[in-house]
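# Structural overview for review
What follows is each chain in one-letter form.
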Protein chains: 2
Amino acid sequence: MTIAEDARRAREASATLATATRAAKDSALHAMADALADRTVGILAANSADLDAARGAGMATALLDRLALSADRVAGMADGLRRAAALPDPVGEVVRGSTLPNGLELRQVRVPFGVVGIIYEARPNVTADAAGLCLKSGNAVLLRGSSSAARSNEAIVAVLRDAVAAAGLPADAIQMVDSASRDSVKELMRARGLVDVLIPRGGASLIRSVVEDSTVPVIETGVGNCHVYVDEAADLEMALSIVVNAKTSRPSVCNAAESLLVHSAVADAFLAMALPALRDAGVTVHGCPEVVSLGAAAGVPVLPATEEDYAAEYLSLDLSAAVVPSLPAAVAHIRRYGSGHTEAIVTGSLEAARAFTSTVDAAAVMVNASTRFTDGGEFGFGAEIGISTQKLHARGPMGLPELTSTKYVVTGSGQIR
Amino acid sequence: MTIAEDARRAREASATLATATRAAKDSALHAMADALADRTVGILAANSADLDAARGAGMATALLDRLALSADRVAGMADGLRRAAALPDPVGEVVRGSTLPNGLELRQVRVPFGVVGIIYEARPNVTADAAGLCLKSGNAVLLRGSSSAARSNEAIVAVLRDAVAAAGLPADAIQMVDSASRDSVKELMRARGLVDVLIPRGGASLIRSVVEDSTVPVIETGVGNCHVYVDEAADLEMALSIVVNAKTSRPSVCNAAESLLVHSAVADAFLAMALPALRDAGVTVHGCPEVVSLGAAAGVPVLPATEEDYAAEYLSLDLSAAVVPSLPAAVAHIRRYGSGHTEAIVTGSLEAARAFTSTVDAAAVMVNASTRFTDGGEFGFGAEIGISTQKLHARGPMGLPELTSTKYVVTGSGQIR
């Protein structure tokens, strides 16, 4: 079975899905949720087999944890599908409209993309989440998960397809593509005309290879080298709380802070507080010479930062840190090393806040708030298919509307030009 | 001078442009318009040299006409710049916003892309149009025109750059890249990270090669195999007027009709009127066997249509034509051969109109109106950088907002997660 054949069947299914009513899609989502609950035992058995194989192959504990399902995690997947059912249907929304001087009625209406390809790494819960959001937005989905999760993903997809078919929508709206070979990723990336958009979710190298090799349009997601800049006009207690939260509340995610920039006017006072607090929270700081010497003065060891440190998305309890002479110098540092995900300033100065938000080029810019808030759930979107770090189509957390395109519908009474 | 160097200077300029006020941008646009008027003689001299070389190389008359400038055409370019100045500034528009439960103020704000690359064919007026729209939307632009228009384009860009600099904005916001070698197109397509989006404007082969080889995100434009479907419930006089207008009012553009589909219930009556009228308008019809035999009955020669005819974007006074047994058959034909640009139905039936508009997958769907209306000017956008036939980011005519991305600006008082 080639990807092109899968994609053609997805395309057929997408034509039905594009005109399915919200009621039909929501009842399919509820059926999918119920089926996951009913068939949890089978899904966990498949997951056990994946876990055994992964342990045998020496997979690291953190990755094993991401791969592992439990009855609670399956219930969480079912809840996610029910939440998707409760969200408004983006399809059919009139984005803008007007009556033209010649009497033509112009409407720009949201429509599904058609076929969405998702390429993702170990976590099997993405399978249900992505399938649910694509179905709700009227898209057929081709899921290409990690080979280490193949049995889990296949079990989940079999359950979802049965439920979709029982609810009267085409099962081929949800398909798993062969995860054993690298060729399936390549085929997916070359399926222009059959697949409308590819969304890679995973590590930087996966995303880079998809972005560089795909002829299918791609939405780039997720790499976050996020900075917190502590301005000279910052409330230093607030700054400390934000830095510690942004770095340590969940270091493995893309909206965690990876770098700290401190205005030289407050560097002594702030770092005298922050370096011990970060050490106590288990953070290793990689600093510029000034941070290293302030660390020595505070009795906190600071490693010297390299170029690689400033560019790193650590995804761990490491943090690069530099003292900067001015806000423009902070912005220049961010322009050089940032990944365009989330950048934060802590300041009491309106002028500094305005300068930072207007000159920093990123999907999200925070003023006096943790970088961790860049998230579809936190933003109130109700769901998230990923966080786009590109500028085309969608930037930042992507909810259901970001899984749609638009169509102009123009109605007249015989107008000619 | 490599493209990467050009792009780096464009990137520098774009940082200034991104925060330029509307007033500053509009006065630069007026300065550009005035400078084109003042320096028309020099531009026409450069254009004469291009025309001489093109004639020497045996360029076809239609292409020579597209390449040729006149005082009127230069004045038209200046008018275009003044119209761009009069349009609202898309930058800074708040697309959506809310206050989150935790008190964070969320704003999604339009921002420029940064650096836009435009790859286009012979017409030198695109140079000024594209430069003006990019500047108004806060983007720096890298223009890669046709080598046959190199002298004209360089003269125009020199005038525009001088005017931009005199108005206090960076001249490097507008740059021509080497149009002599194919390598410059390749370099532009590989300048990911330096160029934010590429917009190819031109023939199908140019667009295909950019779409397939570019690692920079691309907005695909312009190929139009547009259909007019005459439904069984059509007003046949209206249908005739729309078909003749869509085919003949300007056959060389992408929103011209290339194919006619007629419901079998009205095929005899409609084609008995339409085939002679199309012949009188100079149109050659390539028909299915039924159209060929109706042509013979009406004394109008009809060529037999091949698969290639149904797939063709003729851009000439040729038209493929087929009789279809039903509306779904018309939609299936369009799904098979259409390019997703503009599809029209002529019908008096609300049910047929709803079925057609909801199941046809195209940038624009017309009901009882000519395909020729798919146009930024006609849609009231005031300007058009191209017509997107892809689903990502922009679909259909692209105005100034389509030349922007967005940024989330989130303002708090120390919120952590």
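Here the structure is a predicted model, which means the values were calculated and not measured.

Cut-offs applied
Residues numbered from 1 in each chain as written. Chains lettered and ligands numbered in written order. Predicted model: local features only at pLDDT ≥ 70, side-chain atom pairs only at ≥ 80, totals over all residues. Helix = DSSP H or I, 4+ residues; strand = E, 2+ residues; numbered from the N terminus. Expected span 1.5 Å × (residues − 1). Buried ≥ 20, exposed ≤ 12 C-beta atoms within 10 Å, placed from the backbone. Contact = placed C-beta atoms within 7 Å. Domains from an automatic or database assignment. Pairing = 2+ DSSP bridges. Axes fitted to C-alpha atoms, helices over the stretch in contact; angles between N-to-C directions. Core = buried A, V, L, I, M, F, W, Y, C linked by C-beta atoms within 7 Å. Least-squares fit on C-alpha atoms with pLDDT ≥ 70 in both. Right-handed = clockwise from strand over helix to strand, strands pointing away. Nonpolar A, V, L, I, M, F, W, Y, C, P; charged D, E, K, R; others polar.

## Some thoughts on helix 11 (residues 264-280) of chain B
Residue and element names in this part refer to chain B. Compared with an ideal rise of 1.5 Å per residue, which puts 17 residues at 24 Å, helix 11 spans 24 Å between its outermost C-alpha atoms and is within 8% of the ideal. Taken as a whole, helix 11 has its buried residues at Ala267, Phe270, Leu271, Ala274, Leu275 and Leu278. Of the surrounding secondary structure, the elements contacted by the buried residues of helix 11 are strand 7 (226-230), helix 10 (236-248), strand 8 (257-263), strand 9 (284-287), helix 12 (289-298) and strand 11 (318-324). Directly after helix 11, the chain includes glycine 282, whose backbone phi takes a positive value near 90°.

## Focus on the domain arrangement of chain A
Segmenting chain A into domains produces domain 1 (3-220 + 390-411) and domain 2 (226-373). Relative placement of domain 1 of chain A and domain 2 of chain A: their C-alpha centres are 35 Å apart.

## Observations concerning the sheet that holds strand 4 (residues 140-144) of chain A
Residues and elements named next belong to chain A. Spatially, 5-4-3-6 is the arrangement adopted by the four strands of the open sheet, whose pairing is parallel. The open sheet terminates on both sides in strands that have one partner only, identified here as strand 5 (174-176) and strand 6 (197-201). Looking at each pair of strands side by side, their axes are set apart by 20° on average, direction ignored. Against the sheet, helix 1 (residues 3-18) makes contact with strand 3 (115-120), strand 4 and strand 5, and its axis sits at roughly 145° relative to strand 4, the strand it touches most.

## Quick notes on the nonpolar core
In terms of nonpolar packing, the biggest core is built from 274 residues, with Met32 of chain A together with Met32 of chain B touching the most fellow members. Residues within four places of methionine 32 of chain A in sequence aside, it is in contact with Leu81, Gly132, Leu160, Ala163 and Val164 of chain A.

## What to know about the relation of the copies chain B and chain A
With an RMSD of 0.0 Å, the fit of chain B onto chain A corresponds to turning through 180° and sliding 0.0 Å along the axis. Within this description, the copies of the chain are treated as partners about a two-fold rotation axis. When each C-alpha of chain B is compared by its distance to the rotation axis, histidine 393 of chain B comes out closest, at 1.8 Å. Same-surface contact between copies: 100% of interface residues of chain B are shared with the interface of chain A.

## Quick notes on the environment of leucine 275 of chain A
All names here are of chain A. Tracing the chain through its elements places leucine 275 in helix 11 (residues 264-280). Using a count of 24 C-beta atoms within 10 Å as the deciding quantity, one classes leucine 275 as buried. Among residues more than four places away in sequence, those in contact with leucine 275 are Val285, Leu294, Gly295, Ala298, Val300 and Val302.

## Overview of helix 7 (residues 150-166) of chain B
The periodicity of an α-helix, 3.6 residues per turn, causes residues three or four positions apart to be oriented the same way. Residues and elements named next belong to chain B. Here helix 7 contains 17 residues, and its C-alpha end-to-end distance of 24 Å stays within 8% of the 24 Å for a straight helix at 1.5 Å per residue. Every buried residue of helix 7 is listed here: Arg151, Ser152, Asn153, Ala155, Ile156, Val157, Val159, Leu160, Arg161, Ala163 and Val164. As for helix 7, its buried residues are in contact with helix 2 (22-38), helix 3 (40-56), helix 6 (125-136), strand 4 (140-144) and strand 5 (174-176). Backbone geometry just downstream of helix 7 places glycine 168 in the positive-phi region, at approximately 90°.

## Quick notes on the pairing of strand 8 of chain B
Residues and elements named next belong to chain B. Of all seven residues making up strand 8, seven are buried, and the element is well covered by its neighbours. Strand direction decides the pairing type here: strand 7 and strand 8, joined by five bridges, are parallel. Residue valine 230 lies in a different strand from strand 8, and its bridge partner there is valine 262. Remark: the strand 7/helix 10/strand 8 crossover connection has right-handed handedness. For strand 8 and strand 11, the ladder comprises five bridges, and the chain directions are parallel. Along strand 11, the bridge assignment pairs valine 262 with valine 323.

## Quick look at unusual backbone geometry
Even without being glycine, asparagine 368 of chain A reaches a positive phi, approximately 55°. Tracing the backbone through its elements, the reader meets asparagine 368 of chain A in strand 13 (residues 364-369).

## Section: the interface of chain B and chain A
Each partner contributes residues to the interface: chain B has 54 residues there, and chain A has 54 residues. Those elements that place two or more of their residues in the side of chain B that touches chain A are helix 9 (204-213), helix 10, helix 15 (350-359), strand 13 (364-369) and strand 16 (404-415) of chain B. For the side of chain B that touches chain A, the element with the highest residue contribution is strand 16 of chain B, accounting for eleven residues. Its residues assigned to classes, the side of chain B that touches chain A shows 23 nonpolar, 23 polar and eight charged. Pairing of strand 16 (residues 404-415) of chain A with strand 13 of chain B, which is carried by five bridges, proceeds in the parallel orientation. Looking at the pairing, valine 409 of chain A lines up with valine 365 of chain B of strand 13 of chain B.

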